[in-house]
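Structural description and commentary
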Amino acid sequence: MPHTHHSEYLQMVSLYIKTVTNAFIDEDKLQEEWETLNYLSKPELTLAKIEYGAFEALLKNEGIDVSYFPRDAQLSLDSVYCRDASIATDFGMIICSMGKADRRGEPAAQRKAFMAHDIPVLGVIESPGTIEGGDVAWLNETTLAVGHTYRTNIEGIRQLKHLLAPNGVQVIVADLPHYRGETDVFHLMSILSPVDKDLAVVYSPLMPIRFRTYLRDLGFELIEVPDDEFDSMGCNVLAVGPRKCIMVEGNPKTRKALEKAGCEVLTYSGQEISVKGGGGPTCLTRPLKRRR
């Protein structure tokens, strides 16, 4: 039975997380790094631990097998957003190459953890190629969307296609806009979260027309995040099963639209662990296996 599966919405069986305790470590590390990493403000460590504990409890209450990336003082605060350093496929993990310089140690650290637990690795994105996991999203079993962004470059996408083509996977590229510039965290999954085989949460104002049309042609119904819920991470939604998802509190319009579409929505307070660092529930998890 495969150790990994490529899906964004099937019932979650297992995943990895990097806890606040293991990523933020202490007040000195927070004080030293938060501005350099472009956080909105310094996370409050005690509150962050409380928020993360509640988020972790949501995952465990769903019966998900949770594994943990270890503490590594050489990695930055951003390692809490563990999706970005690898990509899960049916054929093994793809180890990423980070576009953000301060995060370049994360892929090797994750690879070490996977190998220690006999989780197969399909391949590694090599420099000068860059790809971050927040820029990729599985649309179906044979189609992977990847954002061309400041974090994911053309060479990285070329290598990704080379790894997946022999396995019959088509890689669809979405060229994303400059938006807030090179230092901002702006991934494909900032504007796209599939929550079922035919349902996705999107922020259309920043979505390329060709890519949005492609989603519609695939049969996706699109739940539109309103402008006033984009910065509060209304578009960053983690599906733990078909139409069952986790999102950050404070996005009532998006939540109502999801529920109207037949979704069950779980929420957590994410001011310290999500909003300040620009990483919602998809960013905080590295899903491995989902039930087919």
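This section reports on the structure supplied with the text. (Residues numbered from 1 in each chain as written. Predicted model: local features only at pLDDT ≥ 70, side-chain atom pairs only at ≥ 80, totals over all residues. Heavy atoms only, no water.)

Counting its regular elements, the chain contains 8 helices and 15 strands. For 292 residues, the compact-globule formula gives about 19 Å, and the C-alpha radius of gyration of the chain, at 17 Å, lands near that figure. Looking at the chain residue by residue over its 292 residues, the buried ones come to 59%. For the chain, the proportion of contacts with a sequence separation of at least 24, taken over those separated by at least 6, is 71%. Carbon and sulfur atoms make up 50% of the accessible area of the chain, which amounts to about 12,200 Å² in all. Charge centroids of the chain, computed over 32 positive and 40 negative side chains, lie 4 Å from each other. (Helix = DSSP H or I, 4+ residues; strand = E, 2+ residues; numbered from the N terminus. Rg over C-alpha atoms; globule rule 2.2 N^0.38 Å. Buried < 20%, exposed > 50% of the residue type's maximum accessible area, 1.4 Å probe, protein only. Contact = heavy atoms within 4.5 Å. Areas by Shrake-Rupley, 256 points an atom, 1.4 Å probe, with all protein chains shown as cover. Lys, Arg positive; Asp, Glu negative; His and termini not counted. Charge placed at Lys NZ, Arg CZ, Asp CG, Glu CD.)

Let's shift gears to the nonpolar core. Counting 37 residues, the largest nonpolar core has Ile191, Leu192, Val195, Phe211 and Leu258 as the members making the most contacts within it. Those elements that place two or more of their residues in this core are strand 6 (136–140), strand 8 (170–175), strand 9 (192–196), strand 10 (199–202), helix 6 (209–217), strand 11 (221–224) and strand 13 (244–248). In terms of residue count, the dominant contributor to this core is strand 10 (4 residues). Leu15, Ala23, Tyr81 and Leu266 belong to the second largest nonpolar core, which has 32 residues in total. (Core = buried A, V, L, I, M, F, W, Y, C linked by side-chain atoms within 4.5 Å.)

Turning next to the environment of Pro281. One can find Pro281 in the loop between helix 8 (271–275) and strand 15 (285–291). A sequence separation of 42 residues divides Pro281 from Ala239, and the C-alpha atoms of the two residues are 9.2 Å apart. Sequence-distant contacts of Pro281, defined by excluding residues within four places in its chain, comprise Phe55, Asn236, Val237, Leu238, Ile246, Met247, Val248 and Tyr268.

Reading across the sheet, the 3 strands line up as 6-7-8 and stay open at both edges, with mixed pairing between neighbours. In the strand order of this sheet, the two ends are held by strand 6 and strand 8, each with one partner. Mean inter-strand twist for the sheet, computed between neighbouring axes without regard to direction, equals 30°. Where strand 7 (residues 143–148) lies against strand 8, 6 bridges are found, and the strand directions are parallel. Paired with Leu144 across the strands is Val171, a residue of strand 8. (Pairing = 2+ DSSP bridges. Axes fitted to C-alpha atoms, helices over the stretch in contact; angles between N-to-C directions.)

Turning to the sheet that holds strand 15, a few remarks are in order. One open sheet accounts for 3 strands, arranged 2-1-15; its pairing is mixed. Only two strands of the sheet have a single partner each, and these edge strands are strand 2 (65–68) and strand 15. Within this sheet the neighbouring strands show an average axis-to-axis angle of 20°, counted without direction. Note: strand 1 (residues 11–17) against strand 2, 4 bridges, orientation parallel. Bridge pairing links Ile17 to Tyr68 in strand 2.

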